[in-house]
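# Structure at a glance
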Amino acid sequence: MSRRSRAREVALQILFEDDVNPRDTVEALTSFVNARLNSPDMEEFCLSLILGVRRNQAEIDEALNAIAQNWTVNRMAATDRNVLRLGAFELKFTETPYKVVINEAVELAKRYGNANSAQFVNGILDKVRASDQPPEGGKDDSTQS
């Protein structure tokens, strides 16, 4: 597992916990991340994911609700919901290539979700990517020469 993959895994753990028992302080969050990553660069990356999802959660959930046919974010399994939030944040608000984002999210879903989670996450995040894709290629450089 790469260091960034591990940082995403820790971010998922925090986001999952936020659903059940939110942390009150940035210090508690920082302490948890530091104890698991012990790398300033990866801690910064992990915290940027967590805080980014928290800051943009309403917009992310709205986008997921619009895309997920016959599902609402609140009805999704907590693991799937938080993997999707993490992936949607990276797709919508970072420069991480969409193939990396989707692959990382699918791997998290395989590891922490149920038998159908990976396929579900892949399908939803692909639709998120497509909905954000500008007509002339956007973040997907494979269509440009």
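As a reminder, the structure under discussion sits directly above these lines.
Here's a quick rundown of the structure. Please read these numbers as outputs of a predicted model, since none were measured by experiment. (Residues numbered from 1 in each chain as written. Predicted model: local features only at pLDDT ≥ 70, side-chain atom pairs only at ≥ 80, totals over all residues. Heavy atoms only, no water.)

Here the focus is the side chain of S39. With respect to the element layout, S39 can be found in the loop between α2 (26–37) and α3 (40–67). In this structure the side chain of S39 is engaged in a polar contact, spanning 3.3 Å, whose partner is the side chain of R3. (Helix = DSSP H or I, 4+ residues; strand = E, 2+ residues; numbered from the N terminus. Polar contact = N/O pair within 3.5 Å; in protein donor to acceptor, adjacent residues only side chain to side chain.)

Time to look at α3. With 28 residues, α3 extends just 35 Å between its outermost C-alpha atoms, more than 12% less than the 40 Å of an ideal straight helix rising 1.5 Å per residue. Its axis deflected by about 75° at Q57, α3 carries its strongest bend there. (Expected span 1.5 Å × (residues − 1). Bend = angle between axes of the 7 residues up to and from the residue.)

Following the criterion strictly, the structure yields 10 salt bridges and no others. Here E104 makes a salt bridge to R8, at a shortest N to O gap of 3.6 Å. Placement of E104 in helix α5 (residues 98–112) and of R8 in helix α1 (residues 3–20) is noted, with a sequence separation of 96 residues between them. Residue classification places R8 among the buried residues on the basis of a relative accessible area of 3%. The closest approach of N and O atoms between D126 and R129, which form a salt bridge, is 3.4 Å. One end of the pair is D126 and the other is R129, both in helix α6 (residues 117–132) and 3 residues apart, which spans about a single turn. On the basis of relative accessible area, D126 is assigned to the partly exposed category, the value being 35%. One continuous salt-bridge network, built from bridges that share partners, spans D19, D61, R81 and R85. (Salt bridge = Lys/Arg side-chain N within 4 Å of Asp/Glu carboxyl O. Buried < 20%, exposed > 50% of the residue type's maximum accessible area, 1.4 Å probe, protein only.)

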